[in-house]
Structure formats: C-alpha cells, structure tokens
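Report on the structure
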Amino acid sequence: MINTHKREEFDIEINQTVGKPFIKDAKFSTRNVDVFYGEKQAIFDANIDIGKNQIIAMIGPSGCGKSTFLRCLNRMNDTIQDCHISGDIRLDGEDIYQKQQDPVLLRARVGMVFQKPNPFPKSIYDNVAYGAKLHGLASSKIELDELVEKSLTRAGLFKEVKDSLHKPGTGLSGGQQQRLCIARTIAIDPEVILMDEPTSALDPIATAVIEELMISLSKKYTIAIVTHSMQQAARVSQRTAYFHLGYLVEVNDTNTVFTNPEHQLTENYITGRFG
Ligand SMILES: Nc1ncnc2c1ncn2[C@@H]1O[C@H](COP(=O)(O)OP(=O)(O)OP(=O)(O)O)[C@@H](O)[C@H]1O
Ligand SMILES: [Mg+2]
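Below, the structure is looked at part by part. Predicted model only: the values in this text are computed from it and were never measured.

Some remarks on the environment of S216
Locating S216 in the fold gives a position in helix α7 (residues 204-217). S216 sits in the exposed class, given 12 other C-beta atoms within 10 Å. When the C-alpha atoms of S216 and K159 are compared, they prove to be 18 Å apart, with 57 residues separating the residues in sequence.

With respect to the pairing of strand β10 (residues 239-244)
Most of β10 is tucked away, with 6 of its 6 residues classed as buried. Alternating residues of β10 divide into R239, A241 and F243 and T240, Y242 and H244, and every residue in both groups is buried. Pairing analysis gives 4 bridges linking strand β4 (residues 55-59) to β10, with the strands arranged parallel. Note on β10: the bridge partner recorded for M58 is A241. In the sheet, β10 pairs with strand β11 (residues 247-253) via 6 bridges, with the strands oriented antiparallel. Bridge pairing links T240 to N252 in β11.

Regarding unusual backbone geometry
In this model, R75 sits at a positive phi of 60°, which is unusual for a non-glycine residue. Within the fold, R75 resides in the loop between α1 (66-72) and β5 (83-91). Given 19 C-beta atoms within 10 Å, R75 falls into the partly exposed group. Positive phi values are uncommon outside glycine, yet E197 reaches one of about 45°. Of note, E197 is situated in the loop between β8 (192-196) and α7. C-beta crowding within 10 Å serves as the criterion here: with 19 such atoms nearby, E197 is assigned to the partly exposed category.

Focus: the site of ligand 1
Taken together, Y37, A42, G60, S62, G63, C64, G65, K66, S67, T68 and I80 make up the full set of residues adjacent to ligand 1. If one sorts the elements of the shell around ligand 1 by residue count, α1 sits on top with 3 residues. Its residues placed into classes, the shell around ligand 1 shows 4 nonpolar, 6 polar and 1 charged.

Structural notes on the pairing of β8
Working note: regular strand, side chains alternate between the two faces of the sheet. Burial runs high along β8: 5 of the 5 residues are buried. The two faces of β8 match: V192, L194 and D196 on one face and I193 and M195 on the other face are all buried. Note: strand β7 (residues 110-113) against β8, 4 bridges, orientation parallel. For V113, the partnering residue across the bridge sits in β8 and is M195. Judged from the 5 bridges that link them, β8 and strand β9 (residues 222-226) form a sheet pairing that is parallel. Residue pairing in the sheet places M195 in a bridge with I225 of β9. Handedness of the crossover joining β8 and β9 through α7: right-handed.

What to know about the nonpolar core
Of all hydrophobic cores here, the largest spans 66 residues; its most connected members are M58, A183, L194, I223, A224, I225 and F243. For this core, the leading source of residues is helix α6 (residues 174-187), giving 6 residues. Those residues within four positions of L194 in sequence are excluded, and the remaining contacts are L70, L73, N74, V110, M112 and A224.

Some thoughts on the packing of helix α3 (residues 124-134) against α6
Contact geometry for α3 and α6: axes closest at 7 Å, N-to-C directions at 25°. One finds that α3 runs roughly parallel with respect to α6. The hand of the α3/α6 crossing is right-handed. From α3, I124, N127, V128, Y130, G131 and A132 reach across to α6, where they touch L180, A183, R184 and A187.

Notes on the packing of helix α4 (residues 141-154) against α6
As a packed pair, α4 and α6 sit with axes 8 Å apart at the nearest point and diverge in direction by 125°. Relative to α6, the element α4 is oriented oblique. In terms of crossing hand, the pair formed by α4 and α6 is right-handed. When α4 is examined against α6, the residues L147, S151, L152 and R154 are found in contact with a partner set consisting of A183, I186 and A187. Across the contact of α4 with α6, the residue classes tally to 5 nonpolar, 1 polar and 1 charged.

A look at the environment of R235
Structurally, R235 can be placed in helix α8 (residues 230-236). Taking the C-beta count within 10 Å as the criterion, R235 has 18 such neighbours and is therefore assigned partly exposed. Residues R235 and E211 lie 24 residues apart in sequence; the distance between their C-alpha atoms is 8.0 Å.

So, how was this worked out
- Residues numbered from 1 in each chain as written.
- Chains lettered and ligands numbered in written order.
- Predicted model: local features only at pLDDT ≥ 70, side-chain atom pairs only at ≥ 80, totals over all residues.
- Helix = DSSP H or I, 4+ residues; strand = E, 2+ residues; numbered from the N terminus.
- Buried ≥ 20, exposed ≤ 12 C-beta atoms within 10 Å, placed from the backbone.
- Pairing = 2+ DSSP bridges.
- Near = placed C-beta within 6 Å.
- Nonpolar A, V, L, I, M, F, W, Y, C, P; charged D, E, K, R; others polar.
- Right-handed = clockwise from strand over helix to strand, strands pointing away.
- Core = buried A, V, L, I, M, F, W, Y, C linked by C-beta atoms within 7 Å.
- Contact = placed C-beta atoms within 7 Å.
- Axes fitted to C-alpha atoms, helices over the stretch in contact; angles between N-to-C directions.
- Parallel < 35°, antiparallel > 145°, perpendicular 65-115°, else oblique.
- Left-handed = near helix turned anticlockwise from the far one by under 90°.

Purely geometric stuff here, so don't read any function into it on its own.
Written out as structure tokens, the structure is:
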C-alpha cells in the first residue's frame, strides 16, 4: 500500500519508498510494518521484499531503525518488553506472526549473528553442537562430530581450532568468536541469516574473512546485513535498503543506490552530507 502522508518532520518529503522495494522470488515480504517501543514509533510503514539467495544490506544513520527492523524478521523483538509490531511479515508466503508460529522454530529457520560475538560459556565444540542437539539434527555422536566439523569448516574456522575443540569458545579472538557464532548459526541449517553489524568490532583481515564467508553462504542462504560501512555494503550485497528516522526511504540494486540514488536523503547519506 502506498503511503502518501507528508512527513512534516523532514525538510524533504518522504512519500513512499523509492527505487525497487519489491521483487519476484521473495524470501521475505514485509507490508505496512510499524514498530513501537511503548508510545514511541521506531519504524513507519516498511514495505520491502528480501530476495532468495541474495545479500541485502541495510544502511542508514544511527538510530534510524535498522536493528529494530532486522529483529522483526525473526521475532527477536518479542523478547523486548514494550515493543509491539503491526503489519504483515511473510517468510515464503507464511505470516511469521500468526498464532501457530513457534518463535523458537522460526529462529531456527532465521538465524541471527550480532555485532558483539556472543559465544555461549561452553567449549567450541558445544557452541556449535548446542542448537543441532536441541533441534535433534544429529542421531549419533559421529553425526554430531561431522556436523560440528562441517559447520566450523564452512565458517572458515576449523583449521584454527581443530586441536582445541574442547577449550572454551570465549577464549578465542574476536574475529574467531564471530566465526564461531556463524558456525553455530549455520549448524542448524537456517534458510535466512540476519547479521547486525557483524564485523564492526573486527580488524580488516577478520572482516575480509567474514565478507568472503557471507558471499559463499549466500549461494545457499538468504542474508540480510546491517552495516555502517558503505564499502562493505558495496562489496557483499546485491541490493541495498536505506533507512532514515524510521522510514524506509529507498531500496534498489546496490550499484544503483551508490552510483545513482533516487532520493535526496539517500544521496546526502552516501556522499557523507548527513548530520
Ligand atoms: N529496546 C528499546 N527500547 C526503546 N527504544 C528502543 C529500543 N531499541 C531501539 N530503540 C529506539 O528505536 C530507534 C531505532 O533504534 P535501532 O537500534 O533500531 O537503530 P539502528 O538503526 O540499529 O541504530 P545503530 O546504527 O546505532 O545501531 C531509536 O530511536 C532507538 O532509541
Ligand atoms: Mg543497530
């Protein structure tokens, strides 16, 4: 639905999301999504499709609602008191907020990697095995060992940790911990991975490793990444969404957003003229 309210709070009018917010072959579709923290509205009428086996980057100034929007997609906002959501969010055409939907099962399909690596206070092995055990994905110790090795290998970490699988995950470096968290996420074979600034605490080498990993994972998974780095968005994503003060201003092919943005607010941001 097209929203045509004039936003008095902006010098520049935002009528509706410009560019190409909708695509064929959507994995996720959100329509008329509003999010509130108590009385305060954090997302206004977000309408977007997220394409299957693609990486979409979500960019915009601090506080514009990127994390809030990302958390709608696996119902992580359910865990925040006073947060409520209206509108329609569909994963493969199914309403993820319908009563029958178990949020725990949803989060197994839609995994999440956070800004700050958050390994469990367990061994490297148990960090990766935990979700797989919970969801009954391995029927024997041998199968579980294989799954742990495969997940760590795919996350680009196995070689570095193969002799210390039973040491604590928290003893790894920041970049290694982030790859451990990615291994933990992919061990349960999700369909979508949400990443909220996954490399903002990492050095350029660890960042490059994780970007490579994202690109290779996107062959199999759908990925939505929040990033403050426009270079990162340009390197890894096919599509980019620009948020501004809770509004989804523009969505398009990444190349178009960075070289020929349609909206003045997008242009201001990507040319560094915001704020
Ligand atoms: N748990 C919360 N309770 C109340 N308000 C919140 C909460 N989380 C976020 N907000 C508010 O919602 C708005 C959007 O915040 P959000 O964290 O989604 O922004 P962001 O784009 O991810 O910012 P950043 O780039 O700094 O991470 C902000 O005004 C923020 O203060
Ligand atoms: Mg955020």
